[in-house]
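Fold and contact review
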Amino acid sequence: MSALVSRRAALRGLGAAGLLAALAGCGVPAAYVPEDRREARDLSDRDRSLSFSNWPLYIDTDDEDEESRPTLEAFTRRTGIRVRYTEEINDNDEFFGKVSPALMNHQATGHDLVVVSDWMAARFVHLGWAQKMDRSAQSNVAKYLDPQLRSPAFDEGRLHTVPWQSGITGIAYNRRALGREIKSVKDLWHPDLAGKVTLFSGLDESFALLMQGNGTDVTRWTESDFHRMADQVEDLVRKKHIRRFTGNDYTSDLGKGDVLACQAYSGDAIQLRADNPDIEFVVPEEGAELWAESLLVPNLARHKANAEALVDHYYDPAVAAELAASVNYVCPVPAAREVLAASSDEETARLAENPLVFPDDAMRRRLAVARDISSAERPSLAKRWNAIVGL
């Protein structure tokens, strides 16, 4: 089973907002950095290198040498730019805690390019900790970025961030063991699933799909929408309908048969079905959340132009196709589909027809990018959710 789901790690406590509040309470100066104070002297021309930090197992590797990353090596051959690639991001809040003291104090982090979940990218953008990218130097991004991911509420026009990979939060279930179809979020609450359902423990990972089950437009949800959903979940916990709240371990619960249905990520569904063809993944009738994990250039990065070149490299459809074939999440470059379809390898070519890698029009109509939780909302919403979940 893929370890990629660790990227969607659960939010603990008050997370980013709590840390900022604590630092502010200690007399630390205001954290926001205006646009004109984010850049450092760029050494890209004379130092042909960059530092790129990502999540574990979130890039293509050579089948015979796991230390070899073909798409990165192709970039170096083409540009002469060496990439210091590290898999150091294991949790959004943990990484935020590592770099926030430097960013708050207007100091360099040593990172030129990082990948974080969009809800965390929103924190960086709102705090002014992500530099605006030079789109004039990124023709592939301008041409090939998925239109549905082009302008999230937290970064209109995608000026400061670019999706690395995307995915869908939906429902996975064991069709054979359950003996019926699941088509709706409401189907999770049927009596035959009592004690056999799991939800994600992380607030940011769980809330959108559950609100969509109530018919909420998650692009503009309100606090009353959240509390209506929380009331329902609280009641289901009290009735013991929900078995437990999970992180990435939901895959083993479903695989072992301890649960019959659960919140799940589209990228895992491909592997789950490979292991057990009775497992189905559903984008509910009411809709599902389309999310992304995005690349950003932190403030004072010393190799900004080199980082921007690497971002654009991954938006070449041929490169995006190679990455998609390895990680199996929703590809943010729809044009990569044609590249995969033309592959002489049958298994690779089949990925081009997989709606969990390239959503079709019917599925896209049911997908929405949820607005992020604001800094003002987060403390009270996280407190309520964590009390329900038991964190």
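Keep in mind it's a predicted model, so treat the numbers as computed, not measured.

1. Focus on the overall build of the protein
For the protein, the count of helices and strands is 16 helices and 10 strands. In summary, the protein has a C-alpha radius of gyration of 21 Å against a globular reference of 21 Å for 391 residues, a match within 12%. By the burial criterion, 57% of the 391 residues in the protein qualify as buried. For the protein, the computed accessible surface area is about 16100 Å², with 48% contributed by carbon and sulfur atoms. Charged side chains in the protein number 46 positive and 60 negative. The centres of these two groups are separated by 4 Å.

2. Things to note about the layout of surface pockets
Taken as a whole, the largest pocket spans an internal volume of roughly 1200 Å³. In this structure, the largest pocket is lined by 38 residues; those nearest its centre are Gln271, Ala325, Ser326, Val327 and Asn328. Contributing elements (two or more residues each) for the lining of the largest pocket: α10 (266-275), β8 (279-282), α12 (317-327) and α14 (346-351). Counting residues per element, the lining of the largest pocket draws most heavily on α10, which supplies 6 residues. Looking at the lining of the largest pocket residue by residue, the class counts come to 17 nonpolar, 8 polar and 13 charged.

3. Quick word on the environment of Thr246
For Thr246, the position within the fold is in strand β6 (residues 242-246). Along the primary structure Thr246 and Thr198 are separated by 48 residues, whereas in three dimensions their C-alpha atoms are 6.7 Å apart. Discounting residues that sit within four places of it in the chain, Thr246 has contacts with Thr198, Leu199, Phe200, Ser201 and Asp253.

4. Examining helix α16 (residues 378-389)
Here α16 spans 16 Å end to end across 12 residues, near enough to the 16 Å set by a 1.5 Å rise per residue. Arg378, Leu381, Ala382, Arg384, Trp385, Asn386, Ile388 and Val389 are the residues of α16 that are buried. One or two residues past the end of α16 sits Gly390, with phi positive at roughly 95 degrees.

5. As for empty space enclosed by the protein
Think of a ball as big as a water molecule: rolled over the atoms, this probe shows where empty space is left. One pass over the full model with this rule turns up 3 cavities of 30 Å³ or more. Within this model, the largest cavity holds a volume of roughly 200 Å³. Lining the largest cavity are 17 residues, with Asp118, Trp119, Glu289, Ala370 and Asp372 positioned closest to its centre. Within the residue set of the lining of the largest cavity, elements represented by two or more residues are α4 (118-127), α7 (203-212) and β9 (288-296). Of the residues forming the lining of the largest cavity, the biggest block, 4 residues, is contributed by β9. Estimates place the volume of the second largest cavity at around 50 Å³.

6. Describing the pattern of salt bridges
Counted by the stated rule, this structure contains 21 salt bridges. Residues Lys304 and Glu308 are paired through a salt bridge, measuring 2.5 Å at the closest nitrogen-oxygen approach. Here Lys304 pairs with Glu308, and both are found in helix α11 (residues 304-313), just 4 residues apart, close to one helical turn. Look at Lys304 and you get buried, because its relative accessible area is 9%. Residue Glu308 is classed as buried on the basis of its relative accessible area, which comes to 5%. The closest approach of N and O atoms between Glu353 and Arg337, which form a salt bridge, is 3.3 Å.

7. Remarks on the packing of α7 against α16
Put simply, α7 and α16 touch, their axes get as near as 11 Å, and they point 85 degrees apart. Taken as axis vectors, α7 and α16 run roughly perpendicular relative to one another. The residues of α16 that touch α7, namely those facing Leu203, Asp204, Ser206 and Leu210, are Arg378, Leu381, Ala382 and Trp385. Within the contact of α7 with α16, the residues separate by chemical class into 5 nonpolar, 1 polar and 2 charged.

Reading the values: the criteria
- Note that residues are indexed from 1 along each chain, following the sequence as it is written.
- Totals for whole chains, interfaces and linings use all residues, but because this is a predicted model, local features are given only for residues with pLDDT of at least 70 and pairs of side-chain atoms are given and counted only at 80 or more.
- Only hydrogens and water are set aside when side-chain values are computed; all heavy atoms of the structure are taken into account.
- Each helix is a run of H or I in the DSSP string that is no shorter than four residues. Each strand is a run of E no shorter than two, and both are numbered from the N terminus.
- Here the globule rule reads 2.2 Å times residues to the power 0.38, and the radius of gyration is calculated from C-alpha atoms.
- Between buried and exposed lies partly exposed: a residue is buried under 20% and exposed over 50% of the maximum accessible area for its type, with that area taken using a 1.4 Å probe on protein chains only.
- Surface accessibility in these figures is a Shrake-Rupley result with a 1.4 Å probe; residues are shielded only by whichever protein chains are displayed.
- In summary, the charge assignment counts Lys and Arg as positive and Asp and Glu as negative, without counting His or the chain termini.
- To locate a charge, take atom NZ for lysine, CZ for arginine, CG for aspartate or CD for glutamate.
- In this analysis a 1.4 Å probe is tested at points of a 1 Å grid over the protein atoms alone, and where it fits but cannot get out there is a cavity; an open set with protein on both sides within 12 Å along at least five of seven lines is a pocket; lining residues have an atom within 4 Å of a point.
- Grid points are joined across faces, edges and corners, and a volume is the space filled by probe spheres set on the points.
- Residues are grouped as follows: nonpolar covers Ala, Val, Leu, Ile, Met, Phe, Trp, Tyr, Cys and Pro; charged covers Asp, Glu, Lys and Arg; every other residue, Gly included, is treated as polar.
- Throughout, a contact is declared for two residues whenever any of their heavy atoms are within 4.5 Å.
- Take the residue count of a helix, subtract one, and multiply by 1.5 Å to get its expected span.
- Here, a salt bridge means any side-chain nitrogen of Lys or Arg that lies within 4 Å of a carboxyl oxygen of Asp or Glu.
- Convention adopted: a line fitted to C-alpha atoms gives each axis, helices being fitted over their contacting stretch, and angles between N-to-C directions are expressed from 0 to 180 degrees.
- Put simply, angles under 35 degrees are roughly parallel, angles over 145 are roughly antiparallel, angles from 65 to 115 are roughly perpendicular, and the rest are oblique.

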